[in-house]
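# Chains, contacts and geometry: an overview
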Amino acid sequence: MSILHIVGMAAPHSLLSSSHFLSKPTSLPFPFPFPFPLPLPNRSLSIHFPLKRLVSFPKRQELKRIHGATLPTDSAQPAVEIRNDPVQETQKQEEVGKLVLPTNESSEELLRIRHTCAHVMAMAVQKLYPEAKVTIGPWIENGFYYDFDMEPLTDQDLKRIKKEMDRIIKRNLPLVREEVSRDEAQRRIMAINEPYKMEILDSIKEDPITIYHIGNEWWDLCAGPHVETTGKINKKAVELESVAGAYWRGDETKPMLRRIYGTSWENKEQLKAYLHFKEEAKRQDHRRSGQDLDLFSIQEEAGRGLVFWHPKGAIVRHIIEDSWRKTHIEHGYDLLYTPHVARADLWKISGHLDFYKENMYDQMEIEDELYQLRPMNCPYHILVYKRKLHSYRDFPIRVAELGTVYRYELSGSLHGLFRVRGFTQDDAHIFCLEDQIKDEIRGVLDLTEEILLQFGFSKYEVNLSTRPEKAVGGDDIWEKATVALKDALDDKGWSYQIDEGGGAFYGPKIDLKIEDALGRKWQCSTIQVDFNLPNRFDITYVDSNSEKKRPILIHRAVLGSLERFFGVLIEHYAGDLPLWLSPIQARVFPVTDTQLGYCSEVTSKLKANGIRTEVCHGERLTKLIRNAEKQKIPLMAVVGPKEVETHSVTVRSRFSGELGTMKIDEFISSIKQAITNRTSL
């Protein structure tokens, strides 16, 4: 158990119909896409993993790393294996047991257990701390949480609360549902002096009001569902994990609450597997690897949420950017570079100042004009489009930019590279005709797959979000765009889920989550049709009848942001990057300083062939090798008297072990071939 930092957002105002406690992010009326994910109110800042459904345990083993691109698979299939070498995976399956972990979606009983655990925890807290006021307590992906207005808590307090929960569970108290009038609910809330409950009651629009009781000792506003009695919970499958701070309603001007996170499962074996997986996730935390491997840092002297790319991290970023640019040029995109600031009037036209001002930095005055750091790249690309008149023959027009943007985030919501205040989006916009939407979307899907495969991501979860109740644009264009998105996905052969009414008010969209080596899903790619910004900026083209018409605008991002994608990449490989991506691909060691001159010659020759190499010496050979292993150097070349005499090196690979003695030219050729094929040596 640990005490965490402040959570940036508490639960928003909207409440799901399944429970007056279960909340989700509201649909924000942005007149533009938001490919960089918004803060989720139900996520701990220290744990970022949708849990893999298949966990190997109890024998602890090193997870094999993915060092080459794999063929794409059906994104709808559940994640049931870590993609390893088949021989290694077979051996691993023979050595360890496996347990399939259920989800809230796959197990109604588990969802009920977690919801009831939230209530049991709240009851336990108020028994131990009578002055504590309850607020909301939903089930979440791997457990539950509850927010309290109360004094600060320690690890020791969590242990006390867990013991009290165990006593409540052991008493096998019934969970009883009751329907009351709004006036009666209000009377009861006033009687027990629970101000937050009164605010929650005001937000509930349906009548009658439902209440759940635990025995006749404790109750709360709730629509369920729950288990029949507290005895249905296995106390050995429940654990309180951490405490965080959370502002009421996500508003930093409102009280700071204490959020207690817990996890609960159907049995203790599932809990054990979950905790094992959680430890693996901690071990692969990109913040830890970033420090250990000297890849990046966030300097408090400069400010929170601002990333410093160190030389090794910068090399990896350079490789990612070069690969990204090359692929986009091959797919018919023109590259752009645009300013980091613009006159404030531009953001009035785009709507950002109306809908997104709280996430933008203060304006600056320059020569009596107001300027604004950009939170998005879209308006800039539209201005490039507007610089001249376009004909229907010009379409499609594809522009792309690695554009750095700046967004204000609460300090408590900042998290390594995953949530920062300045980041670079791989942003692109396509201007096209209505009858080109399908082909352009299909092209984006192909481009997305090609780029993600380069980095070893081959399993995806795809969602198509359709028209919400409030939307701009006519029925015909919405229908045509939605059908085009569906047809493109069908043509691609990808399975997908439809989120009815989940689109932005300005157009339907496709979201793609990638799955990493631990089975966690990460939101990266977004494809968004936009009927709004073309109107706001009054962009047009001349059609075949010499009439001015409005083009279709498609926003899309493949990686999301370089910072976040780099963090995902580090955790995917646990910092053990494949040969082609590794900042240092080979390290040369002399057995004694006598061989240093030859080592320098070898290094120079490797560098001349584009291989990132360095010489290390001054320590015993065993320590040099051990340090290289810790720093995850893919290849080590050892040079002794024999190697000098035969113009060779003795090679050790992190991925394949001892490779024996090679001539220099053979060593170089093997490395270059592996880099070209994106494989290990």
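In this text, all values refer to a predicted model and were calculated from it rather than measured experimentally.

## Considerations on the overall build of the protein
Along the backbone of the protein there are 19 helices and 31 strands. Taking all 681 residues of the protein together, 56% fall into the buried category. For the protein, restricting intrachain contacts to residue pairs at least 6 apart in sequence, the fraction spanning at least 24 positions comes to 75%. Roughly 29,200 Å² of accessible area belongs to the protein as shown, and the carbon and sulfur atoms make up 49% of that amount.

## A look at the packing of aromatic side chains
Taken as a whole and assessed by the stated rule, the structure comprises 17 aromatic pairs. For the ring pair Tyr-146 and Phe-148, a centre distance of 5.2 Å and an interplane angle of 25 degrees mean the geometry is stacked. Among the residues examined, Phe-148 registers a relative accessible area of 0% and is labelled buried. The positively charged end of Arg-259 is found above the aromatic ring belonging to Tyr-145, 4.0 Å away from the centroid. Seen from the ring of Trp-580, Arg-678 lies directly overhead, with NZ or CZ sitting 3.6 Å from the centre.

## Here's the deal with a nonpolar patch on the surface
Together, Val-341, Met-364 and Ile-366 give the surface a local cluster of nonpolar side chains, amounting to about 200 Å² of exposed area. A residue is classified by how much of its surface remains accessible, and Ile-366, at 38% relative accessible area, is partly exposed.

## Quick look at the packing of helix H8 (residues 311-330) against helix H12 (residues 437-454)
One can describe the packing of H8 onto H12 by two numbers: an axis separation of 11 Å at closest approach and a directional angle of 155 degrees. Taken together, H8 and H12 sit at an angle that is classed as roughly antiparallel. Read as a crossing pair, H8 and H12 show a hand that is right-handed. Of the residues in H12, those in contact with Ser-323, Trp-324, Thr-327, His-328 and Glu-330 of H8 are Leu-447, Glu-450, Ile-451 and Gln-454. Among the residues forming the contact of H8 with H12, the class breakdown is 3 nonpolar, 4 polar and 2 charged.

## Concerning the pattern of salt bridges
By the definition in use, this model includes 52 salt bridges. Between Arg-167 and Glu-164 there is a salt bridge, and its shortest N-O distance comes to 2.7 Å. Of this pair, Arg-167 and Glu-164 both sit in helix H3 (residues 155-170), 3 residues apart, which is roughly one turn of that helix. The class for Arg-167 is partly exposed, based on a relative accessible area of 46%. Salt-bridge contacts for Arg-467 lead to Asp-475; the nearest nitrogen and oxygen are separated by 2.6 Å. For Arg-467, a relative accessible area of 29% puts it in the partly exposed group. Put simply, Arg-317, Glu-321, Asp-322, Arg-325 and Glu-563 are held in one network by salt bridges that share partners.

## Some details on the sheet that holds strand E7 (residues 175-180)
A sheet is described by the order of its strands in space; here 3 strands give the open sequence E7-E8-E9, paired in antiparallel fashion. Looking at which strands have only one partner, the edges of the open sheet turn out to be E7 and strand E9 (218-221). This sheet shows a mean twist of 25 degrees between the axes of neighbouring strands, independent of strand direction. Where strand E8 (residues 209-214) meets E9, 4 bridges bridge the pair, whose relative direction is antiparallel. If you follow Ile-214 over to E9, its bridge partner there is Trp-218. Packing against the sheet, helix H2 (residues 108-128) makes contact with E7, E8 and E9, and its axis sits at approximately 125 degrees to E9.

## A word on the side chain of Asp-530
Tracing the sequence through the fold places Asp-530 in strand E23 (residues 521-530). Despite its burial, Asp-530 pairs with no opposite charge; the closest candidate is Arg-536, at 8.0 Å N-O. Reaching out from Asp-530, the side chain makes a polar contact with the backbone nitrogen of Leu-533 at a distance of 3.2 Å. Engagement of the side chain of Asp-530 in a polar contact is seen with the side chain of His-555, the distance being 2.7 Å.

## Concerning the packing of helix H4 (residues 182-192) against helix H5 (residues 195-203)
In contact at an axis separation of 8 Å, H4 and H5 are set at 165 degrees when each is read in the N-to-C sense. Here H4 is positioned roughly antiparallel relative to H5, judged by the angle of their axes. Between H4 and H5 lies a crossing whose hand is left-handed. In contact with Arg-182, Ala-185, Gln-186, Ile-189, Met-190 and Ile-192 of H4, H5 contributes Lys-197, Met-198 and Leu-201.

## Let's talk about helix H15 (residues 562-572)
Burial analysis of H15 places 11 of its 11 residues in the buried class, which makes it a mostly covered element. Taken together, the buried positions of H15 are occupied by Leu-562, Glu-563, Arg-564, Phe-565, Phe-566, Gly-567, Val-568, Leu-569, Ile-570, Glu-571 and His-572.

## A short note on the pairing of strand E17 (residues 369-373)
Here 3 bridges tie strand E15 (residues 341-343) to E17, and the two strands are oriented antiparallel to one another. Residue Arg-343 lies in a different strand from E17, and its bridge partner there is Tyr-371. Sheet topology places strand E16 (residues 364-366) next to E17; 3 bridges connect them, and they run antiparallel. Paired with Glu-365 across the bridge in E17 is Leu-370.

## Digging into the sheet that holds strand E31 (residues 657-663)
Strand order in this open sheet of 5 strands is E28-E27-E29-E30-E31, and the pairing throughout is mixed. The two strands at the open ends of the sheet, each matched to only one other strand, are strand E28 (613-615) and E31. The sheet shows a mean angle of 25 degrees between the axes of neighbouring strands, taken without regard to direction. Where strand E30 (residues 648-653) and E31 come together, 6 bridges link them in antiparallel fashion. Its bridge partner being in E31, Arg-652 is matched across the sheet by Glu-658.

## Points about the environment of Tyr-380
Structurally, Tyr-380 is set in helix H11 (residues 378-386). Put simply, Tyr-380 and His-340 are 40 residues apart on the chain and 9.7 Å apart in space, counted from C-alpha to C-alpha. Setting aside its immediate chain neighbours within four residues, Tyr-380 contacts Thr-338, Pro-339, His-340, Val-341, Ala-342, Trp-347 and Arg-374. A distance of 3.5 Å separates the side chain of Tyr-380 from the backbone oxygen of Pro-339, its partner in a polar contact. Looking at Tyr-380, its side chain comes within polar contact range of the main-chain oxygen of Val-341, at 3.0 Å.

## As for the environment of Thr-229
Relative to the helices and strands, Thr-229 is located in the loop between E9 and strand E10 (238-247). As for Thr-229 and Ile-214, which are separated by 15 residues in sequence, their C-alpha atoms are 8.2 Å apart. In this view, Thr-229 contacts Asn-172, Leu-173, Pro-174 and Leu-175; residues no more than four positions away in its chain are not counted. A distance of 2.5 Å separates the side chain of Thr-229 from the side chain of Asn-172, its partner in a polar contact.

## A closer look at the confidence of the model for the protein
Close reading of the predicted structure is inappropriate where its pLDDT is low. When pLDDT is averaged across the protein, the result is 86; 86% of the residues are at 70 or more. Strand E1 (residues 2-7) is the least confidently modelled element of the protein, averaging 37 in pLDDT, while strand E14 (residues 334-335) averages 98, the highest of any element. Note on residues 1-97: pLDDT under 50 across the span, and 309 contacts to partners over four residues away in sequence or across chains.

Analysis parameters
- Residues numbered from 1 in each chain as written.
- Predicted model: local features only at pLDDT ≥ 70, side-chain atom pairs only at ≥ 80, totals over all residues.
- Heavy atoms only, no water.
- Helix = DSSP H or I, 4+ residues; strand = E, 2+ residues; numbered from the N terminus.
- Buried < 20%, exposed > 50% of the residue type's maximum accessible area, 1.4 Å probe, protein only.
- Contact = heavy atoms within 4.5 Å.
- Areas by Shrake-Rupley, 256 points an atom, 1.4 Å probe, with all protein chains shown as cover.
- Phe/Tyr/Trp six-rings, centres within 6.5 Å; stacked < 30°, edge-to-face > 60°.
- Lys NZ or Arg CZ within 6 Å of the ring centre and 35° of its normal.
- Patch = residues over 30% accessible without salt bridge, like charges linked within 9 Å, V, L, I, M, F, W, Y side chains within 5 Å.
- Salt bridge = Lys/Arg side-chain N within 4 Å of Asp/Glu carboxyl O.
- Axes fitted to C-alpha atoms, helices over the stretch in contact; angles between N-to-C directions.
- Parallel < 35°, antiparallel > 145°, perpendicular 65-115°, else oblique.
- Left-handed = near helix turned anticlockwise from the far one by under 90°.
- Nonpolar A, V, L, I, M, F, W, Y, C, P; charged D, E, K, R; others polar.
- Pairing = 2+ DSSP bridges.
- Lys, Arg positive; Asp, Glu negative; His and termini not counted.
- Polar contact = N/O pair within 3.5 Å; in protein donor to acceptor, adjacent residues only side chain to side chain.
- pLDDT = per-residue confidence, 0-100.

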